[in-house]
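What follows is the residue order along each chain.
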Amino acid sequence: MSVLDQESIFTSMLQDGPFAISEQPPVHHPFSRETKVWVRQIAGNPLVKTKYRAVRNQIFDFLGISSFDEVFDLIHMPQRRFDCAERAHYLLGNMFGIHGSEQEICRYLKEYSRTADDVVNSLRSKVLAPYASHIEMTNEIETTTDPVDLLLIIFNDRFHKKARFEAKRKLQLINLAGSIDQRERETAIEGKFARFLDFLNEYVWSPSLKIGDLEINYLHSRHDDEEFRCTDVRIISEQEADELTPGPGEKLTLIKRRRFRDKEAETPIYVSIRKKPPAAKVLKLLRKNQKNPATAVDDELGLMAVLNTVGDVKRFMKHLTQSAVKASSFMTLEDISDTLTGGRYGGTATGSSKKTPMLKFFARLGGMRVEFIIHTNRSYLNYIYQRDVSHDEYEIKRIFDTGVAEFLFPHDIYHLDMENIRDRQIKWCRKRIEEY
């Protein structure tokens, strides 16, 4: 189900549904023309009516009111709004499992607000960078961090339609950020990440190198004209790279490598360790049309490794499981997908390519579940550069094809043609990859 579907879990955000932000705040006289039109919209849909009642009751419970008329008192009476916010902070603190004073709860809420802003700003700086000025947040919304103030803005006629939509969007993103933080505290993800790094440094990487000591090499590769697929690759030194000027169809890729020791032989390996930032997890929840991070975000800890050959890959996997035993933990490999030696990738994520070669699995050890993605030099270069495969293209496709771009920046608010922008951004991405 798409995030834009009328039965989406985020129905209240859609601008083509009964919860849409219109030119006027959503508080009308019971017998007004606007109310009659709105009633006709939901009359034949029991699910929407149930969702409306749930949203309305949540608003009343959160603000401590019994009718929408009381919203205006909160907007225009500062002391009532202050008392309401103080009460709401404790309610949110209990919901997200935050234990402490109101100041401590407010600190968490400000963090969630920053994460909400980071979601929008991350798209402004990357996938939608050429349109950054079009989707820039209203100043008053970006500087507002209190959920009560954001909720009241939705009902405040002094704010423009765009600002009121952004206030509603920020509230939704704050809620997702809070759920993610609660999940991270419950699963102690920070501590697990630190233990994972300790495990790698203590048992996996070669003791002959200091922590952080990386050997600088380059991959000099040639790519075909049809798919820009890697046809040949060789490893060269930093000095050789300085003397080389890549021609058409050639790429020079920096690769900083560690080493692991297997039977006294040391094998070079490039490693990128990943812990998803909160904003990336929020975007993943939106792409998956989920509010529960426990079911949608299964790759909180991850490692991508690049080795010279398939033989080196096999040696690394054996070394990895043996290192876990040395660390007094059995390691099991789950959900294994191997397309390095042929075949097609069976990924089901929207925007992903069936042509993506990789070895992918989850390793369970020491109370952790870590995602491993392993490449050879050639498959890694295809992962970066090949048409319809490269990760930069995938990032663009999954934001647009899942409906997240239109969801966060609806056409009637931002006046952007997302389908056209998607094609432009992919063309720009290919030009940057193949010509620079």
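Structure's up top.
Keep in mind that what you see is a predicted model, and the values were worked out from it rather than measured.

Caption draft 1: Structural context of the environment of serine 133. Summarising the element assignment, serine 133 is placed in the loop between helix H5 (102–125) and helix H6 (139–142). Remark: the alpha-carbon pair of serine 133 and glutamine 172, spanning 39 residues in sequence, is separated by 22 Å.

Caption draft 2: Representation of a negative patch on the surface. A contiguous patch of negative charge on the surface is contributed by Glu238, Glu240, Asp242 and Glu243. With relative accessibility at 41%, the residue glutamate 238 sits in the partly exposed group.

Caption draft 3: Examining the nonpolar core more closely. Leu63, Leu128, Leu286, Leu408 and Phe409 are the most contacted members of the largest nonpolar core, which totals 83 residues. Grouped together as the second largest cluster of nonpolar side chains are 29 residues, Ile189, Leu200, Leu307 and Phe316 included.

Caption draft 4: Representation of the packing of aromatic side chains within the structure. In this structure the tally under the stated criterion is 14 aromatic pairs. Of the aromatic side chains, those joined through ring pairs into one cluster are Phe60, Phe68 and Phe155. The ring of phenylalanine 362 is capped by arginine 369, whose NZ or CZ atom sits 4.0 Å from the centre of that ring.

Caption draft 5: Quick look at the environment of phenylalanine 199. Along the chain, phenylalanine 199 falls in helix H9 (residues 189–204). The spatial distance from the C-alpha of phenylalanine 199 to the C-alpha of serine 323 is 8.5 Å, given a sequence separation of 124 residues. If we skip the residues at most four places from it in the chain, phenylalanine 199 touches Val204, Leu320, Ser323, Ala324, Ala327, Met331 and Leu365.

Caption draft 6: Geometry of helix H15 (residues 391–401). Counting buried positions along H15 yields eight of 11 residues, so the element is predominantly enclosed. Taken as a whole, H15 has its buried residues at Glu393, Tyr394, Glu395, Ile396, Lys397, Arg398, Ile399 and Phe400. In this structure, the buried side of H15 is in contact with H5, helix H11 (278–288), helix H16 (404–408) and helix H18 (418–435). Just downstream of H15 lies glycine 403, where phi reads positive at about 85 degrees.

Thresholds applied
Residues numbered from 1 in each chain as written. Predicted model: local features only at pLDDT ≥ 70, side-chain atom pairs only at ≥ 80, totals over all residues. Heavy atoms only, no water. Helix = DSSP H or I, 4+ residues; strand = E, 2+ residues; numbered from the N terminus. Patch = residues over 30% accessible without salt bridge, like charges linked within 9 Å, V, L, I, M, F, W, Y side chains within 5 Å. Areas by Shrake-Rupley, 256 points an atom, 1.4 Å probe, with all protein chains shown as cover. Salt bridge = Lys/Arg side-chain N within 4 Å of Asp/Glu carboxyl O. Lys, Arg positive; Asp, Glu negative; His and termini not counted. Charge placed at Lys NZ, Arg CZ, Asp CG, Glu CD. Buried < 20%, exposed > 50% of the residue type's maximum accessible area, 1.4 Å probe, protein only. Core = buried A, V, L, I, M, F, W, Y, C linked by side-chain atoms within 4.5 Å. Phe/Tyr/Trp six-rings, centres within 6.5 Å; stacked < 30°, edge-to-face > 60°. Lys NZ or Arg CZ within 6 Å of the ring centre and 35° of its normal. Contact = heavy atoms within 4.5 Å.

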